[in-house]
There are 2 protein chains.
Amino acid sequence: MKKLPDKTVERLSQYRRTLLIALGSGKHHIFSHELAAMLHITSVQVRRDIMLIGYSGTLRQGYDVKELIEIIGKIIDSKDGQKVAVIGIGNLGRAIIGYFSGKRTKLSIVAGFDVNPDKIDRVYAGVWCYNLDRLAEIIQKENISIAVLTVPAADATQIADQLILAGIKGILNFTPRPLNVPSNVYLEEYDMITSLEKLAYFVKKV
Amino acid sequence: MKKLPDKTVERLSQYRRTLLIALGSGKHHIFSHELAAMLHITSVQVRRDIMLIGYSGTLRQGYDVKELIEIIGKIIDSKDGQKVAVIGIGNLGRAIIGYFSGKRTKLSIVAGFDVNPDKIDRVYAGVWCYNLDRLAEIIQKENISIAVLTVPAADATQIADQLILAGIKGILNFTPRPLNVPSNVYLEEYDMITSLEKLAYFVKKV
């Protein structure tokens, strides 16, 4: 199967999350317009995405929730799962680890890294925090492919370079420092201040 | 001036952040292609956005960094600043408060809220944590217009309804639960699992 577009993958992940919530509240069938309303998008968009992954519902009942969850999983998850490291065990790093612990997902956080001696060799929600100087060693030993970067902005560039050298293939950058990565590394960036500033702009003139 | 598009505001905020970094490293002029490269977008996009806010650089020197920072501020910031509350003082809530403290921004976090008695009436990086049952009272007294939601998913919908009743005009939702808000309230949603799942999808077949 060809690579799906960026935004489609994002929506598939959101569909699955929303379907899991629906299933949890006892809903076994769902219409495209219901899923669309929950996610503030159009039902045309929902139907197009789901057709793209080769699934279709029935006119009378809509999509089978369980089946659709499974099919999305087959498309976006890796069969054997993927391992994630969190670099920087401050409040944000700990929030991410806590958020993942106990979630049914094919992604598992298997290591944390920090430079603070008070944090090194401690366990956070089941995840061991290593000394940052063991970054390359642990990434290779554990076969970690994805890194979440929550270090101070000033350290972001240098640590990203180390991650790439160590063989990391995907970086989720939560620092406000934009990164440069080679074309075989996938980068996602999120900066909270941008989100808040955008919100503030639209709020100020309402 | 007419409302700018969503994505333009997002990029303006990113330009400003990048320009502040450039200024910090002693750079006083910058070309559109340099700014574009730092943010992984095209220089055509940069020039279009900056023309849209009525600014232009010179052919020889590019944009004046300080001037451009100021002009972006005039467009996206509110003159008198805006007040923000963080609902849920867990790791993520504390990360957001810490991230903002000491930043030069027109947005200020003026209150936190939680239900945990160990957190209530304590100060986190200069921000007072109130009992959640005082939500409406404090929002109105402090004239808070924006709320950052970092509560457990199961509480998200109910607390969002309370925020809207209390007069909040913008919500940044970090819970995995999609929200519904009336059309006079602006909503931004961010879910880390979606970002990570997207990353994982693109990484798995590289």
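Residues numbered from 1 in each chain as written. Chains lettered and ligands numbered in written order. Predicted model: local features only at pLDDT ≥ 70, side-chain atom pairs only at ≥ 80, totals over all residues. Heavy atoms only, no water.

### Some thoughts on the domain arrangement of chain A
Inference 1: Split by domain assignment, chain A resolves into domain 1 (6–74) and domain 2 (82–194).
Inference 2: Taking only C-alpha atoms, the centre of domain 1 of chain A and the centre of domain 2 of chain A are 31 Å apart. (Domains from an automatic or database assignment.)

### Brief notes about the sheet that holds strand β7 (residues 146–149) of chain A
Inference 1: Taken together, seven strands build an open sheet; the order of strands is β5-β6-β4-β3-β7-β8-β9 (chain A) and the sheet is mixed. The sheet is open, and its two borders are formed by β5 (123–124) and β9 (186–189) of chain A, each paired with just one other strand.
Inference 2: Relative to strand β6 (residues 127–131) of chain A, strand β4 (residues 107–114) of chain A runs parallel, the two sharing three bridges. The partner of G112 of chain A across the bridge, within β6 of chain A, is C129 of chain A.
Inference 3: Against the sheet, helix α5 (residues 91–100) of chain A engages β3 (82–87), β4, β5, β6 and β7 of chain A, with an angle of about 155° to β4 of chain A.
Inference 4: Contacting β3, β4, β7, β8 (170–173) and β9 of chain A, helix α8 (residues 192–204) of chain B crosses the sheet at an angle of about 170° to β9 of chain A. (Pairing = 2+ DSSP bridges. Helix = DSSP H or I, 4+ residues; strand = E, 2+ residues; numbered from the N terminus. Contact = heavy atoms within 4.5 Å. Axes fitted to C-alpha atoms, helices over the stretch in contact; angles between N-to-C directions.)

### Structural notes on helix α1 (residues 6–24) of chain A
An α-helix turns once every 3.6 residues. As a result, residues three or four positions apart point the same way.
Inference 1: If you check α1 of chain A, its first and last C-alpha atoms are 28 Å apart, about what 19 residues at 1.5 Å a residue would give, namely 27 Å.
Inference 2: T8, V9, E10, R11, L12, S13, Y15, R16, R17, T18, L19 and A22 of chain A are the residues of α1 of chain A that are buried.
Inference 3: On its buried face, α1 of chain A sits against β1 (29–30), α2 (32–39), α3 (43–52) and α4 (65–76) of chain A together with α8 of chain B.
Inference 4: Two residues or fewer after α1 of chain A comes G26 of chain A, characterised by a positive phi angle close to 85°. (Expected span 1.5 Å × (residues − 1). Buried < 20%, exposed > 50% of the residue type's maximum accessible area, 1.4 Å probe, protein only.)

### A short note on helix α6 (residues 135–142) of chain B
Residues and elements named next belong to chain B.
Inference 1: Those residues of α6 that fall on the buried side of the exposure criterion are L135, I138 and I139. Axial view of α6: buried residues confined to an arc of 100°, hence all on one face.
Inference 2: Lining the buried residues of α6 we find β3 (82–87), β4 (107–114), β6 (127–131) and α7 (153–165).
Inference 3: N143, located one to two residues past α6, shows a positive phi value of around 60°. (Arc of directions from axis to C-beta.)

### Section: the relation of the copies chain A and chain B
Inference 1: For the pair chain A and chain B, the best superposition has an RMSD of 0.0 Å and corresponds to a rotation of 180° with a translation of 0.0 Å parallel to the axis. Accordingly, the operation relating the two chain copies is best matched by a two-fold axis. Minimal C-alpha separation from the rotation axis in chain A is found for N91 of chain A, amounting to 2.4 Å.
Inference 2: Of the residues that chain A buries at the interface, 100% are likewise interface residues in chain B, meaning the two copies contact each other through the same surface. (Least-squares fit on C-alpha atoms with pLDDT ≥ 70 in both.)

### Here we look at the nonpolar core
Inference 1: Among the nonpolar cores identified, the biggest contains 98 residues, and Y15 and L19 of chain A together with Y15 and L19 of chain B are the most heavily contacted of them.
Inference 2: The residues contacting Y15 of chain B, other than those within four sequence positions of it, are L35, L39, I41, Q45, V46, D49, I50 and I72 of chain B.
Inference 3: L135, I139, A156 and L163 of chain B belong to the second-largest nonpolar core, a separate cluster that totals 24 residues. (Core = buried A, V, L, I, M, F, W, Y, C linked by side-chain atoms within 4.5 Å.)

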